[in-house]
There are 2 protein chains.
Amino acid sequence: MTPAADAALALLLEAAGTPKPGNVDRARDHDDLHFEQFLGGAVGARRGLDAAAEGERVGAAFEESVRGMADAAGTNTQFGALLLLVPLVKAAGDGELTPERVAGTVENTTVADAVDFYRAFEHADVALDDPPEDAGDIDARRGEKAIPALRDREITLYDVLALGADSDGVAAEWTGGFERTFDAADYIERRTGPLSERGAEAFLRLLAEEPDTLVVTNHGRPVAREVSERAEELLDAPERKVDAFADELVERGVNPGTTADITAAALFVALRRGESVA
Amino acid sequence: MTPAADAALALLLEAAGTPKPGNVDRARDHDDLHFEQFLGGAVGARRGLDAAAEGERVGAAFEESVRGMADAAGTNTQFGALLLLVPLVKAAGDGELTPERVAGTVENTTVADAVDFYRAFEHADVALDDPPEDAGDIDARRGEKAIPALRDREITLYDVLALGADSDGVAAEWTGGFERTFDAADYIERRTGPLSERGAEAFLRLLAEEPDTLVVTNHGRPVAREVSERAEELLDAPERKVDAFADELVERGVNPGTTADITAAALFVALRRGESVA
């Protein structure tokens, strides 16, 4: 399997894993978001992932993957997962996939990558928290309008994500050497059973470890903390209890999407290290 | 979406559709075949599908797609579906997707395509019925060993499938203008709801219409007829009754895989005509 194929499969395995409390999975659609849209998003992102594996700039490959995802799925299904996967795929495309090489890949991003990233927001409706006070004219919610300021201030894509690292779990991975991604991949490799099930188990563990930043953005920090505490209580619980929690979170509209993004990235690392569905 | 992306998505939507009696679906694994292997097969087939869309010969694109499928899935998940999809994708790649243009695509196959097809058998374990008496030294079960005979006798891939048209539902599509594929696509387009559900509905209708030839090969014609009669009785039944039939067939190991192949092809045609998961 090529790195791009493994990345597409990681997106599919993440979506298929069940129960994955609060997220769409193969057993649970949301009212406005269906499992099959995640299948479409994974297929649509493939050309951008291929470009990343072939050495395209991170920003350009990311923008292409998001455009393809949104075109196929009709909505934002995997924006955050692709933001993690694109540098991972690029690093895997020209050498061994190590935390150090991925860190180098993101640290080497440029102003051009930042421009592409802001363009990607034009393709998909992404939930964003209030930006840090020093963001100002490069608030990502401004989309393409922020591009002149990026160029004036010579801000790279790494700089952009560093600004968000305190409030966004995907940005924290970028600036923290993809630590949770590689830890979760280790965990997946230690488990046995179908890979999508191991992904769901890794999801619950990640959720128990840290409040999900998408839940913080949409519901506030107390709800995000409550969800993580509940996940921790369920770590060794029978599956029917996890299923009930999953149904409850779907009912409440609480969607720990950032944790799902890290799960997809961890599945990719596990696939590159030799795990497979075969 | 490109034709190759639509074909990969059609494979995923076919696999996801539930209940699809006797087949792996998102709610049912078999003991030796899991849903996630179908996700892998669809991802792995992508390069061969890309080649078909870009004008590669039918046989070469098919062999590449089967090799990628088997490499990712570790088994034969979608051999028959790819045999239908590759000429459909090739026809869609350079013009309008009509039954006439697909018929022309398969009729124009050559001896070289037949050679590729026999090579594809080396990548995957495919269930085959006893060949017709006039097959002899080109019995597909001989795999690559049959290649010299193909060349001596100047047998094209279309000729090979014409030999199997009486006993194999995929071969019958090749020589019959993909009639059931396009009919099922019309049916899918008339229904509403998520596309994977419409695929499952089309599957049940196709199964009710004609005995599945993979079931004939593995269990004999009386079982195949019984399964189709039961499917016909369930056409307007509540979903729980179809679910119970699905559980029963999985229990009995009866797998109407040829009907699933035609369902995947029909989903592809529907996607090309404008249906989407968005």
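Fair warning: this is a prediction, and the values are worked out from it, not measured in the lab.

Here the focus is the packing of helix α3 (residues 46–53) of chain A against helix α3 (residues 46–53) of chain B. Viewed as axis vectors pointing N to C, α3(A) and α3(B) meet at an angle of 105°, and their least axial separation amounts to 13 Å. Considering the angle they form, α3(A) stands roughly perpendicular to α3(B). Along its contact with α3(A), which presents A:Arg46, A:Arg47 and A:Asp50, the element α3(B) presents B:Arg46, B:Arg47 and B:Asp50. A class-by-class count of the residues in the contact of α3(A) with α3(B) yields no nonpolar, no polar and 6 charged.

On to helix α1 (residues 3–16) of chain A. Compared with the 20 Å implied by 1.5 Å per residue over 14 residues, the 20 Å span of α1(A) between its first and last C-alpha is a close match. Across the 14 residues that make up α1(A), a large majority, 14, are buried.

In the superposition of chain B on chain A (RMSD 0.0 Å, axial shift 0.0 Å), the rotation amounts to 180°. On this basis, the relationship between the two copies can be described by a two-fold rotation axis. In terms of C-alpha distance to the rotation axis, chain B has B:Arg26 as its closest residue, with the C-alpha 3.1 Å off the axis.

Here we take up the interface of chain B and chain A. Listed by partner, the interface residues are 30 residues for chain B and 30 residues for chain A. Both sides together, the interface formed by chain B and chain A hides about 2500 Å², and carbon and sulfur atoms give 59% of it. When residues of chain B are sorted by the area they lose upon contact with chain A, B:Arg26, B:Glu36 and B:Val43 head the list and together hold 26% of the total. One can count 0 salt bridges joining chain B with chain A. The tally of links between chain B and chain A comes to 9 residue pairs in polar contact (both at pLDDT 80 or more). Put simply, the parts of the chain that give the side of chain B that touches chain A at least two residues each are α1 (3–16), α2 (35–44), α3, α4 (58–73) and α12 (195–209) of chain B. The residue makeup of the side of chain B that touches chain A, split by class, is 16 nonpolar, 5 polar and 9 charged.

So, about the pattern of salt bridges. All names here are of chain A. As enumerated under the stated definition, the model contains 48 salt bridges over all chains in all. Across the pair Asp116 and Arg57 runs a salt bridge whose closest N-O atoms are separated by 2.6 Å. In this pair, Asp116 is assigned in helix α7 (residues 111–120) and Arg57 in the loop between α3 and α4 (58–73), connecting sequence segments 59 residues apart. For Arg57, a relative accessible area of 34% corresponds to the partly exposed category. Residues Arg101 and Asp94 are paired through a salt bridge, measuring 2.7 Å at the closest nitrogen-oxygen approach. Where salt bridges share partners, they join Arg57, Asp113, Asp116, Arg119 and Glu144 into one cluster.

Residue and element names in this part refer to chain A. At a minimum axis distance of 7 Å, the contact between helix α12 (residues 195–209) and helix α14 (residues 221–233) shows a crossing angle of 130°. Classified by the angle their axes make, α12 and α14 are oblique. The two elements α12 and α14 cross, and the hand of that crossing is left-handed. The segment α12 lies against α14, with Leu204, Leu207 and Ala208 engaging Val227, Ser228, Ala231 and Glu232. Classifying every residue of the contact of α12 with α14 by side-chain character gives 5 nonpolar, 1 polar and 1 charged.

Residue and element names in this part refer to chain A. Looking at where Thr109 falls in the secondary structure, it is placed in the loop between α6 (99–107) and α7. Residue Thr109 is classed as buried on the basis of its relative accessible area, which comes to 5%. If near-sequence neighbours (up to four positions away) are discounted, Thr109 is found in contact with Val58, Thr156, Leu157, Tyr158 and Trp174.

A few words on the packing of aromatic side chains. The description of an aromatic ring pair rests on the distance of the ring centres and on the angle between the ring planes. Residues and elements named next belong to chain A. With the rule as written, the count across this model stands at 14 aromatic pairs over all chains. When the centroid spacing of 6.3 Å and the interplanar angle of 50° are considered together, the rings of Phe79 and Phe117 count as tilted. Here Phe79, found in helix α5 (residues 79–93), pairs with Phe117, found in helix α7; they are 38 residues apart in sequence, far enough to count as distant. Phe117 gets classed as buried once you look at its relative accessible area, which sits at 4%. On the numbers, 4.9 Å between centres and 85° between planes, the contact of Phe117 with Phe121 is edge-to-face. For the residue pair Phe117 and Phe121, the accessibility class agrees, reading buried in each case. Each member of the aromatic cluster is reached from another via a ring pair, and the members are Phe62, Phe79, Phe117, Tyr118 and Phe121.

Parameters at a glance
- Residues numbered from 1 in each chain as written.
- Chains lettered and ligands numbered in written order.
- Predicted model: local features only at pLDDT ≥ 70, side-chain atom pairs only at ≥ 80, totals over all residues.
- Heavy atoms only, no water.
- Axes fitted to C-alpha atoms, helices over the stretch in contact; angles between N-to-C directions.
- Helix = DSSP H or I, 4+ residues; strand = E, 2+ residues; numbered from the N terminus.
- Parallel < 35°, antiparallel > 145°, perpendicular 65-115°, else oblique.
- Contact = heavy atoms within 4.5 Å.
- Nonpolar A, V, L, I, M, F, W, Y, C, P; charged D, E, K, R; others polar.
- Expected span 1.5 Å × (residues − 1).
- Buried < 20%, exposed > 50% of the residue type's maximum accessible area, 1.4 Å probe, protein only.
- Least-squares fit on C-alpha atoms with pLDDT ≥ 70 in both.
- Buried area = accessible area lost by both parts, 1.4 Å probe.
- Salt bridge = Lys/Arg side-chain N within 4 Å of Asp/Glu carboxyl O.
- Polar contact = N/O pair within 3.5 Å; in protein donor to acceptor, adjacent residues only side chain to side chain.
- Left-handed = near helix turned anticlockwise from the far one by under 90°.
- Phe/Tyr/Trp six-rings, centres within 6.5 Å; stacked < 30°, edge-to-face > 60°.

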